[in-house]
Each structure stands twice: as structure tokens, then as C-alpha cells.
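Residues per chain, in single letters:
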Amino acid sequence: MKHKLISAMLCMTLATSCVDMDIAPKNIVTSESLLSNESGMDIYMARLYSNMPWEDFKYLSQWGLNFNGWLNAIGIDGTGEAMNRDGICRAFTGEDNAYWGKAFELLRDANYLIENLPKYQGSYAEITYNHYLGEAYYVRATVFYAMARRFGGIPLVTKVIQYPGDGNLEVPRASEEETWNQVLADYDKAIELMMPGSPKSGYSNKYVALAFKSEAMLYAGSVAKYNETVTGRLTGLGAKTGVRVIGFDESRWQEASKKYFTEAYKAASEVIKSGVYSLYKKKWAANDPEAQYQNMVDMFSDLSNNPENIYVKEYAYPTSTHAYDSYNLPLTFKAPLNCGVCPTADFVELFDGFDRYPDGTLKVTTGNSSTEGNYVMYDSPMDYYKNAEPRLRAYVIFPGDMFKGKEIEIYAGVYTGSTPIKPLLSDYSYGSATTKYNHLSAYKEKPKTLYLSPKSEDQQEIVTLPDGSTMKAAGQNGPFYEDGGSAMTGLLARKWLNPDPAFVPREGNSAQPFILMRYAEVLLTYAEAKIELGEIDDTVIEAINQVRRRKDVMMPPAKITMSVDELRSLVRYERTVELALEGHRLFDIHRWGIAEEVLSGYMLGKRKKANWYDPVIPSFSDAGKPVYPDERIFNSLGYATFDPDKNSLWFIPQNEIDRNPLLQEETEDDDDDW
């Protein structure tokens with residue numbers, strides 16, 4: 001049969017040998033069919049934007065840019081924002097799926113558009129043609145930016161490489177300075193060409209490009225300046241090229257950092273002066289914490305004339321969805337998987353509205369430390385958070401808080417002994433971490449007075465209180481020590497979850513948007529860039545205070561009389577809390593050169609200090625009175641060491657180096673391959 005089929009095909013070929021074979025098959029999409037009309041360009045732009053390197057719902061920090069959103073969780077990269085049920089919470093030093101091959105695929109698409117769209121310029125109005133060309137430069141700038149903050153100097157592929165026509169395909173890495181200069185040039189070209197308003201939903205515009213330029217240049221200025229302060233002065237040369245692919249030359253870093261910070265604040269200033277954007281305050285009201293809390297909750301789901309949103313990744317059911325809810329809802333809602341983002345005590349400590357010990361940690365006893373005095377007893381778990389900053393509540397579900405019309409029950413045990421209750425352990429240091437509550441006589445011996453969270457929800461022990469009433473040993477949402485799908489830290493993330501009670505999550509049916517750029521970030525970028533330049537004026541103070549005033553908290557405003565160091569600390573703090581759980585924290589830590597300090601230490605604990613489980617998980621005493629002991633019930637500690645020489649930038653995949661030896665680099669200090 002095979003022989004007959006080949007013979008028949010050969011006869012057909014011979015019989016039609018005089019037919020013009022240059023006619024394109026009707027099922028082949030040509031450049032002309034895409035680039036010569038707006039309908040085709042919509043398809044081309046959809047391809048570009050679907051592959052953009054954004055850390056949104058389709059990204060997981062350890063695994064990298066896989067574009068699938070499997071087990072997506074935000075803030076679990078070891079920075080202290082949150083923990084994760086799957087253990088993906090180390091101070092990660094790279095992405096399992098390095099952003100390399102996909103980057104060059106998208107660069108090829110952008111370069112192809114830049115090179116070929118001029119052939120069809122006559123098909124468009126001038127403003128439309130310029131905008132499409134600007135989009136290509138914007139995409140290329142964003143790809144280079146995403147690569148630069150991961151790898152430093154990269155191959156600057158700015159044209160379509162023809163294979164096999166171009167011969168040598170081994171493109172060397174440019175210097176880190178040349179790379180950031182290319183990012184700057186491409187954003188500037190995009191800004192020059194793009195319309196001031198997006199021509200269609202999902203497209204970018206001049207102000208989107210300006211905002212992302214300001215972010216990229218703030219990053220560039222920071223690494224130029226603060227890489228010099230990293231242990232060993234972070235720098236490295238190409239093994240075969242001698243190009244400084246990591247860091248800046250000693251004679252160049254000061255000038256380069258000044259240049260980039262200047263570009264950052266000028267770009268941010270254009271966005272601010274445009275008057276197009278403002279902070280979201282639709283439900284905000286002065287001196288009304290409930291209104292301020294609701295305002296912050298709504299800001300992340302309200303797409304209707306939201307003045308703060310500069311660029312949003314939109315989703316739509318059923319054609320374009322994600323699965324954030326199905327992995328991260330409280331256990332109460334029985335999603336396929338639960339509790340994927342569990343904020344930490346470290347995170348809570350960043351915010352205002354809590355009593356504190358002299359060392360600044362959260363206060364849970366009447367003494368001056370967690371081992372002194374008696375536990376403070378409350379009428380309900382939420383009383384501990386009654387004065388918490390409204391935006392913290394907008395980001396986090398507290399024990400006993402309401403979500404989607406239900407009370408979220410979280411507690412880790414019941415104590416039926418006498419009151420007042422003194423701390424059950426005398427040492428909460430890491431050295432005694434193996435001494436846990438389940439080792440205490442109150443738990444092991446009779447009469448038993450300490451009942452602890454079980455392994456899982458279906459093993460709940462019923463506790464009889466002295467008054468004859470009963471309650472479970474742990475809350476409905478845990479924590480349960482062998483069930484990572486519970487509230488491991490006593491807190492759950494609220495930010496990004498769909499708050500609609502009628503919404504029933506399944507894997508792949510969530511459609512809430514992800515805000516990639518908002519006006520608050522632009523204000524803070526403007527302030528930080530000018531502070532780094534030492535150019536302190538009223539505009540800097542106003543930019544910081546605009547963001548702070550929306551919180552209406554008892555935090556002192558920025559003042560013109562503050563020193564550069566004071567204002568730098570203030571704007572970094574404000575960025576950390578305002579943009580929390582939005583995918584910025586890890587990259588901020590890297591660009592500020594503080595990763596060695598922040599990302600080293602015990603992974604399930606406050607860095608080198610106290611336990612992450614302390615003190616946000618309540619336990620109950622007799623008569624149902626909750627207390628907040630320093631929990632050491634079932635945490636497992638792990639230690640991470642951040643090596644600035646190896647971890648500040650991430651390794652290029654070895655298979656890429658094998659294909660292109662010009663990528664091989666070495667540090668100046670130890671000649672290790674980079």
C-alpha cells in the first residue's frame with residue numbers, strides 16, 4: 001500500500017510539473033495578511049502580549065515564566081512576605097525555567113515587526129502606523145529589561161537572525177551598562193512613537209511606556225550604585241570576550257547611576273504631570289478605617305474608570321482565565337487546593353496599629369518580651385487586629401475575619417489550664433526550636449490541659465471546657481501540621497482573591513485582573529529616584545505623602561527637613577508595604593544590594609530573630625478567650641545562605657552556553673563560570 005501511495009504521488013508530481021509552484025498555499029498565514037491591515041495586526045499583537053515576561057497570575061517565582069499559572073502563589077519567594085503549602089518559599093537564587101529561550105522567541109517577533117512593518121506603511125494612517133511600530137520597541141525594551149535584572153549583560157539581538165543566511169549565530173553578551181542603555185533607547189523610541197491613549201483594550205500607550213521606563217531606569221540606577229556595596233563588589237567579565245557583563249566599571253558606575261536615576265524621575269514626572277492618573281479613592285473617607293479598607297479591596301478588582309490603573313493584564317472567562325482562587329482560597333471554601341499564600345508575622349510587623357515590645361516585635365504578653373508577664377487575653381481573635389492599618393486588612397485575612405460572607409476560623413489549639421496564662425516556653429530562640437508545645441507536660445500528661453492542632457482537618461479532637469461546652473482543638477482553616485492546604489502561619493492572603501460570594505472557583509475559571517503598573521508605584525519611583533540623586537524638594541515629599549495620606553494612619557508624614565538617609569528608608573518602607581504581594585519585593589531586595597542580609601537566615605522564621613508563627617496564630621483558653629502565644633507547634637526550620645557572588649544574578653542555562661560558548665563568563669575573583 002505504501003509503494004502504491006508513493007507511486008501515485010510521483011505521477012501527480014510529474015503530471016503537474018508545469019504548474020506555477022510559487023503560489024502560496026491558502027492555509028499559510030503570510031506577513032502581508034498580518035501586517036497589512038488592523039485585523040491582522042490584532043492577531044500579531046495578541047501573540048506578542050501573550051508572551052510578555054510579566055510576573056502575574058501565570059508566574060511562580062521558583063519555577064519561572066512557564067505561562068501556565070500552575071499552583072500560582074505570590075510573595076512566596078523567601079522574602080518574608082508569605083509562606084506556601086508546597087514549600088516553594090526559599091530565598092530563591094534563580095528560576096527553574098530560566099527566562100532565556102522564550103525571551104529570544106519574543107525578541108524575534110518584535111524585531112520582525114520593526115523590520116517588516118515599513119513595507120506596509122501605506123496601509124495605515126501615520127499615527128496608527130507609528131503606534132504599532134512603537135509597540136514593537138516597547139515589547140523589545142520589556143524583554144531586555146526582564147533579562148537584564150536576571151542576568152546582567154545579555155546578547156542584544158536587535159535584528160532578525162536569518163538561519164542559515166547569517167552564518168555565525170554565536171552572539172556574545174553585551175556589557176551590563178550597554179544592556180541598560182539599550183533598554184533605555186528602546187523605551188524612548190516607543191514613547192516617541194506611541195499614542196497617548198491605548199487605541200484598543202489591552203494595547204499599551206505612551207504613558208504605559210513611560211511608567212515602565214521609570215521602573216526599569218530606577219532598577220538600572222540602583223544596580224549601578226548598590227552593586228558597588230555588595231560583598232566583593234559584584235562584577236564579572238566574559239571568559240572569552242573580556243566584556244564586563246556583570247556590574248559597572250569603577251570609573252563608570254557613578255555617572256551611570258546618576259544618568260539612570262535622572263531618566264527614572266523624568267519619565268515618572270511626565271506621567272504625574274499628564275493628569276491622566278490619580279490614586280484610587282472611590283470609597284475612601286477620612287477617619288473611617290472600614291471605608292479605607294474597602295477602598296483598597298475594591299482597587300484590585302475595579303476596572304471601571306479606575307484612575308490608578310496604568311496597565312492591567314485583563315482576563316475574561318472562558319477564553320482567557322487563571323486559577324489563583326482555586327489554589328489560594330481559605331480551606332472553608334473547599335477549592336481544589338487551598339491556602340497557597342500565608343502571610344507571615346514578619347509581614348504583619350511592617351504595618352502600623354499594633355502594640356510592640358521594645359525591640360519592635362509584636363506584643364502578645366504583658367511583659368517586655370514574649371517570655372515575660374502573662375498572655376494578653378482578648379474577647380475575639382479579631383480584637384488583636386482592631387487597630388491594624390486598613391491596607392493590611394485589605395491584603396490579609398485575619399483569624400476570625402469575614403470573607404465572602406463567612407467567618408474565617410483560624411486557631412491552633414486550646415488551653416484549659418488556670419488563668420492568667422504565663423508563656424508555656426521559656427526560650428523562643430532558634431536554638432530551642434526543637435522544643436515544641438507537643439513536648440510539654442500540659443500536652444502529654446494527665447490531667448491534660450493543652451490540646452493542639454491535629455495533622456489534618458478530619459482528625460479534629462473535641463475539647464470539653466470547664467463550663468461543659470465543647471470546641472474543636474483547631475480552627476476550620478487550621479493550621480494542620482500535615483496539611484499544607486491550611487493557614488500555616490495563622491494568616492491568609494486576601495489580595496487578588498475574587499471577593500464575590502457567588503463565585504465558585506475551579507481550576508482555570510478565575511478572571512480577575514492583575515495590575516502590572518499603577519500610579520502609586522510611579523509616585524514612589526519618582527520620589528526614590530530624586531532621593532538617590534540628592535535632589536530633595538517639595539515634589540518628593542508630596543509624592544510620598546500622597547501615598548501615605550490615602551492610608552490615613554498615625555504614621556508621621558515625610559518632611560523636607562529629613563536627611564537623604566531618612567527619606568531613602570521611608571520611601572523603601574512605603575514601597576515595601578504599598579506594593580506588597582505584587583511581585584516587586586524580591587527584585588527590590590536585589591537592586592538595593594541587601595539580599596545577603598535579608599535573604600540569609602532561617603526560612604520559617606523572622607530573619608535571625610523570632611518565629612514566623614509568632615504571634616499571629618491564636619489559641620483558645622477556657623471560656624473561649626483567645627490568646628496569641630508564640631507558636632512552636634509544628635514549624636520545621638531550614639537555613640538559607642545567600643551568596644552575593646553567585647546569587648545576585650542568575651545562571652544562564654548550561655545548554656545555552658554549550659550552544660554558544662561566547663555566553664560563558666567568569667567572576668573576577670574566583671574565575672568560576674557564570
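Computed from a prediction, not measured in an experiment: that's the story for all the values here. (Residues numbered from 1 in each chain as written. Predicted model: local features only at pLDDT ≥ 70, side-chain atom pairs only at ≥ 80, totals over all residues. Heavy atoms only, no water.)

Novice: Would you take a moment to explain the overall build of the protein for this structure?
Specialist: When you go through the protein residue by residue, the secondary structure sums to 20 helices and 19 strands. Within the protein, the proportion of its 674 residues that are buried is 58%. At a minimum sequence separation of 6, the contacts of the protein that also span at least 24 residues come to 71%. Carbon together with sulfur atoms contributes 51% to the accessible area of the protein, which is approximately 27800 Å² in total. (Helix = DSSP H or I, 4+ residues; strand = E, 2+ residues; numbered from the N terminus. Buried < 20%, exposed > 50% of the residue type's maximum accessible area, 1.4 Å probe, protein only. Contact = heavy atoms within 4.5 Å. Areas by Shrake-Rupley, 256 points an atom, 1.4 Å probe, with all protein chains shown as cover.)

Novice: Help me understand the pairing of strand 14 (residues 514–518), please; the structure alone is not making it clear to me.
Specialist: The side chains of a regular strand alternate between the sheet's two faces. Counted residue by residue, strand 14 has five buried out of five residues, so it is predominantly covered. Of the strand pairs in this sheet, strand 4 (residues 309–313) and strand 14 are connected by four bridges, and their pairing is antiparallel. Within strand 14, the position partnered with K313 by the bridge is F514. (Pairing = 2+ DSSP bridges.)

Novice: Teacher, can you tell me more about the packing of helix 7 (residues 206–226) against helix 14 (residues 519–533) here?
Specialist: The description of two helices packed together rests on the angle between their axes and the distance between the axes. Contact geometry for helix 7 and helix 14: axes closest at 10 Å, N-to-C directions at 35 degrees. Taken as a pair, helix 7 and helix 14 cross one another with a handedness that is left-handed. Every residue of helix 14 that contacts helix 7 at A211, S214, E215, L218, S222, K225 and Y226 is listed here: E521, V522, T525, E528, A529 and E532. Split into classes, the residues belonging to the contact of helix 7 with helix 14 amount to five nonpolar, three polar and five charged. (Axes fitted to C-alpha atoms, helices over the stretch in contact; angles between N-to-C directions. Left-handed = near helix turned anticlockwise from the far one by under 90°. Nonpolar A, V, L, I, M, F, W, Y, C, P; charged D, E, K, R; others polar.)

Novice: I tried to follow the nonpolar core on my own but got confused; where do I start?
Specialist: As a rule of thumb, nonpolar side chains are buried together in soluble globular proteins. Ranked by internal contacts, the top residues of the largest apolar core, which has 164 residues, are Y138 and W180. Broken down by element, this core gets its largest block of residues, 15 residues, from helix 5 (residues 126–151). Setting aside residues up to four positions removed in sequence, W180 forms contacts with Y145, A148, R149, A216, M217, Y219, A220, V223, F248 and Y260. (Core = buried A, V, L, I, M, F, W, Y, C linked by side-chain atoms within 4.5 Å.)

Novice: Help me understand the side chain of E656, please; the structure alone is not making it clear to me.
Specialist: With respect to the secondary-structure elements, E656 resides in helix 20 (residues 654–659). Non-local contacts of E656, meaning those with residues more than four positions away in its chain, are made with W100 and L663.

Novice: For this particular structure, what's the right way to read helix 15 (residues 538–551)?
Specialist: Since the α-helix turns once every 3.6 residues, residues separated by three or four places project in the same direction. For helix 15, with 14 residues, the first-to-last C-alpha span of 20 Å sits near the 20 Å given by 1.5 Å per residue. Helix geometry: helix 15 is bent most strongly at N545, by close to 30 degrees. Turning to helix 15, its buried residues are V540, I541, A543, I544, N545, V547, R548, R550 and K551. Its buried side turned inward, helix 15 meets helix 9 (289–299), helix 12 (390–395), strand 14, helix 14 and helix 16 (564–578). (Expected span 1.5 Å × (residues − 1). Bend = angle between axes of the 7 residues up to and from the residue.)

Novice: Before we go on, may I ask you to explain the pattern of salt bridges in this structure?
Specialist: A pair can form between side chains of opposite charge whenever their charged atoms are brought close. On inspection of all chains with the given rule, the structure shows 43 salt bridges. Across the pair E308 and R518 runs a salt bridge whose closest N-O atoms are separated by 2.8 Å. Placement of E308 in the loop between helix 9 and strand 4 and of R518 in strand 14 is noted, with a sequence separation of 210 residues between them. Each member of the pair, E308 as well as R518, carries the same accessibility label: buried. Measuring nitrogen to oxygen at the nearest pair gives 3.9 Å for the salt bridge that ties K448 to E461. Of this pair, K448 sits in the loop between helix 13 (441–444) and strand 10 (450–452) while E461 sits in the loop between strand 10 and strand 11 (462–464), placing them 13 residues apart in sequence. Through salt bridges with shared partners, a single ionic network connects E308, E389, R391, K495, R518, R548, R550, E574, E578 and E582. (Salt bridge = Lys/Arg side-chain N within 4 Å of Asp/Glu carboxyl O.)

Novice: Got a minute to help me understand the packing of aromatic side chains in this structure?
Specialist: Two descriptors summarise a pair of aromatic rings, namely the distance from one centre to the other and the angle between the planes of the rings. Taken as a whole, this structure holds 32 aromatic pairs when the rule is applied. For the pair F354 and Y384, a centre-to-centre distance of 5.8 Å together with 40 degrees between the ring planes defines the contact as tilted. Remark: Y384 occurs in the loop between helix 11 (345–349) and helix 12 and F354 occurs in the loop between helix 11 and helix 12; sequence separation between them is 30 residues. Judged by its relative accessible area of 11%, F354 falls in the buried class. On the basis of relative accessibility, which here comes to 7%, the residue Y384 falls in the buried class. Cluster of aromatic residues (ring-pair linked, three or more members): F57, F300, Y315, Y324, F347, F351, Y395, W496 and F514. The side chain of R149 reaches across the aromatic face of F587, ending 3.7 Å from its centre. (Phe/Tyr/Trp six-rings, centres within 6.5 Å; stacked < 30°, edge-to-face > 60°. Lys NZ or Arg CZ within 6 Å of the ring centre and 35° of its normal.)

Novice: Looking at this structure, how should I read helix 3 (residues 38–50)?
Specialist: Between its first and last C-alpha atoms helix 3 spans 18 Å; for 13 residues at 1.5 Å apiece the expected length is 18 Å, and the two agree. Among all positions of helix 3, only G40, M41, Y44, M45, L48 and Y49 are buried. Relative to the axis of helix 3, the buried residues are bounded by an arc of 165 degrees and lie together on one face. Seen from the open side of helix 3, the exposed residues pointing more than 90 degrees away from its buried face are S39 and I43. The opening residue of helix 3 is N37, an N-cap whose side-chain oxygen sits 3.2 Å from the backbone nitrogen of S39. (Arc of directions from axis to C-beta. Polar contact = N/O pair within 3.5 Å; in protein donor to acceptor, adjacent residues only side chain to side chain.)

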